[in-house]
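Here are the chains, one letter per residue:
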Amino acid sequence: MCGIVGYTGGRQAAPVVLDGLAKLEYRGYDSAGVAVSDGDGNIDIKKAKGKLKILFDLTDGGKSFNGTCGIGHTRWATHGEPSQNNAHPHCNDEHTIVAVHNGIIENYSQLKDKLTRRGYTFYSDTDTEVATKLVDYYYKKHGEPLKAISEFALHARGSYALAVLFKDFPGEIFAIRKDSPMVIGVTDGGALLASDVPAILKYTRNVYYTDNHEIVLLSKDGVAFYNLDREEISKTPTLISWDAEAAEKGGWEHFMLKEIHEQPEVVRNTVNYFLHDGKLDLSELQLSEDYLKGVSSITITGCGSAYHVGVVGQYVIEDIARIPVRVEIASEFRYRKPVLGGNELVIVISQSGETADSLAALREMKQQGVKTLAIVNVLGSSIAREADGVFYTKAGPEISVATTKAYSAQLIAMYLIALKLAEVRGTVGAQQYSSFKRELTELPEKIAKVLETKSEVQKFASQMMDKKDVFFIGRGVDYAVSIESSLKLKEISYVHSEAYAAGELKHGTISLIENGTLVFGTLTQKALAEKTVSNLVETASRGAYVAVLASQSVEGIPENFKKVFHIPDTDEHFTASLAVVVMQLFAYYLSVLRGNDVDKPRNLAKSVTVE
Ligand code: F6R
């Protein structure tokens, strides 16, 4: 995830901006840049690929960079490779308008075409250069920065936190955001903006949280807020009482809770990056449409939660693209001698891109001459480097050992790959295809809705404190959700649990059900719900305490089930994205209540680089 920082006031700006960027390093980045305007408004830009230290060294910690108004950026590549050229800030040809941006402009190629027709030239591959030149276009048209920014917001689709310097307005920063975070701080004789509170905490504890489509004007006199009609609006600052460590967690008690709450943003970023202007563009994966058309079978492999994503992928790809799919645990797959089909595609899923077994499975497959695709979160990791094609999820760095947001981003990767395969092979009709795309773009809002139920989940967790054994059951995608739910619960709460395909329980394991055993059923697949309900009834009649997690419109849930959680309806292929959030929260709260170290559970490491 990119990070932005801005400062204007009485101090030299660059050291403040660089210091703020350093506090955002946890968001991950591959290049960085700073722009500072001097008293006359001349704007100087310095940027570099790689670590912030390069920029620190280049500018003597910012000291050699004159001026009291500046903006800076750490870039996590989205459009275009990591390079100095693609690094922010970007500017217009005259160097009179300079901007940094966090987010993704979905209709950037349309806007780029339009601006090109009006005589603009582009020198980078980024959507940010397009954003900057769009502001420039409207500034030249209206001669007014607020108007230029509001026109930008009316024409740009997607997510953005955008900060702009205008040569004509020295000492002022104009900013706006939509669906990307931006906080504003006021100091004595100055003002700051940033993607997150830690970047400005050293200078102020008075912070304004901006809402979508609010324009902010920062100057040494303070801040002013405007709506898109350029009418001034009043806002109340929040006093931040966290210490620096808590601030890194954005005020959340644990990284895991923070990352659970980042899921709407992460899902939005991953969907919007690949699905824009109504088109699903996976060209970055280096697998041509002709190749995808000819794929005869797919094997998905990974470890732990990444493997569980593969299980969802198996249901979704087989159902909508009609290609045979198998899912293999990487530590098994690497030592098997699998019979591989003629035109088989192997997909390796890994958040870290460094998991030893997944990497070994990838190498083994490559040696056998099979085409490989990696779904990876960490840029430039070993699996990403060695696979034939890479799908980078846009989850940003995941700190908590138990994965949440990376898992959610991997699910999106599975859906988008399934959709592309269906598109090139013509296995879904146009109407169904549009409906899939619409449902995907609505997922972030629905995940946010599920997050609103967290106090209900917390209360339920407090009632389940004494449970020694938990069973998660479901069919189809609900089975895939169950295995992830069970792993989450085990790894952070240390409560024993098992996941079963609902129909399999009666073949032996049902003998473990005793009075009060918690059996948690997931019911999001309407055609299968009745069957799973029957299996749950079987456990209830043996004394189980039955809880269910059901899509809103699923009917026929018996009244004697002890607890029912509802999630919004979505296309049944995508329900894992909503259901898992309740299960993550359940595991989280149970872990907190039991006094465990949520972010660093015992015996576990974030990246498992041993066999
Ligand atoms: C569970 C979890 C692990 C990882 C697994 C694979 O919460 O985080 O099960 O999913 O170790 O890790 P990556 O995705 O880095 O290959």
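Here the structure is shown first, and the text comes after it.
Note that this is a predicted model, so its numbers are computed, not measured.

A. Region of the structure containing the packing of helix α4 (residues 127-142) against helix α5 (residues 145-155). Between α4 and α5, the least distance of the axes is 8 Å, while the angle of their chain directions is 130 degrees. In terms of orientation, α4 and α5 fall into the oblique class. The two elements α4 and α5 meet at a crossing, and its hand is right-handed. Counting all contacts with α4, which are made through Ala131, Leu134, Val135, Tyr138, Tyr139 and His142, the residues of α5 involved are Pro145, Lys147, Ala148, Ile149, Glu151, Phe152 and His155.

B. Quick look at helix α14 (residues 405-425). Here α14 spans 30 Å end to end across 21 residues, near enough to the 30 Å set by a 1.5 Å rise per residue. Most of α14 is tucked away: 19 of the 21 residues are buried. Just downstream of α14 lies Gly426, where phi reads positive at about 65 degrees.

C. Structural view of unusual backbone geometry. Between His88 and the following residue, Pro89, the backbone shows a cis peptide bond with an omega angle of 0 degrees. The phi angle at His213 is positive, at roughly 65 degrees, despite the residue not being glycine. In this structure His213 comes out as partly exposed when scored by relative accessible area, which is 26%. Of note in the backbone geometry, Asn603 takes a positive phi value of approximately 65 degrees without being a glycine. Looking at the element boundaries, Asn603 is found in the segment after α19 (576-593). A relative accessible area of 75% means that Asn603 is categorised as exposed.

D. Molecular detail of the packing of aromatic side chains. For the coordinates displayed, the defined rule picks out 18 aromatic pairs. Aromatic pair Phe436 and Phe574: ring centres 5.9 Å apart, planes at 65 degrees, arrangement edge-to-face. Here Phe436, found in helix α15 (residues 430-451), pairs with Phe574, found in the loop between β27 (563-567) and α19; they are 138 residues apart in sequence, far enough to count as distant. You'll find Phe436 and Phe574 in the same group, each marked buried. Aromatic side chains Phe520 and Phe586 sit 5.7 Å apart centroid to centroid with 65 degrees between the ring planes, which places their arrangement in the edge-to-face category. On the criterion of sequence distance, the pair formed by Phe520 in strand β25 (residues 518-523) and Phe586 in helix α19 is long-range, its members being 66 residues apart. As far as burial versus exposure is concerned, Phe520 and Phe586 are alike and both buried. Three or more aromatic residues joined by ring pairs form one cluster here, namely Phe460, Phe472, Phe520, Phe565 and Phe586. The residue whose ring lies beneath Lys133 is Phe122, and the NZ or CZ to ring-centre distance is 5.1 Å. Lying over the aromatic face of Tyr494, Arg602 brings its terminal NZ or CZ to 3.8 Å of the ring centre.

Calculation notes
- In every chain, residue numbers begin from 1 and rise along the written sequence.
- With pLDDT at 70 or above as the cut-off, local features in this predicted model cover only qualifying residues; side-chain atom pairs require 80 or more to be listed or tallied, and sums for whole chains, interfaces and linings still use all residues.
- Excluding hydrogens and water, the side-chain figures rest on all heavy atoms present in the structure.
- The angle between two axes is taken between their N-to-C directions and runs from 0 to 180 degrees, where each axis is a line fitted to C-alpha atoms and a helix contributes only its stretch in contact.
- Numbering of helices and strands runs from the N terminus, with a helix taken as a DSSP run of H or I at least four residues long and a strand as a DSSP run of E at least two residues long.
- Geometric relationships in this document are graded by angle, where less than 35 degrees denotes roughly parallel, more than 145 denotes roughly antiparallel, 65 to 115 denotes roughly perpendicular, and other angles denote oblique.
- Two helices that cross are described as forming a left-handed crossing if the nearer one is turned anticlockwise from the farther one by less than a right angle, and a right-handed crossing if clockwise.
- The contact definition used throughout considers only heavy atoms, calling two residues in contact when any of these lie within 4.5 Å.
- Expected helix span is computed as 1.5 Å times (number of residues minus one).
- Burial classes follow relative accessibility: with a 1.4 Å probe on protein chains only, a residue under 20% of its type's maximum area counts as buried, one over 50% as exposed, and anything between as partly exposed.
- What counts as a ring pair is set by centres within 6.5 Å for rings of Phe, Tyr and Trp (its six-membered ring), and what kind of pair is set by the plane angle: stacked under 30 degrees, edge-to-face over 60, tilted for all other angles.
- Counted as over-ring charges are cases with an Arg CZ or a Lys NZ within 6 Å of the ring centre that also lie within 35 degrees of the ring normal.

Fair warning: the whole summary comes from geometry, so function is off the table for now.
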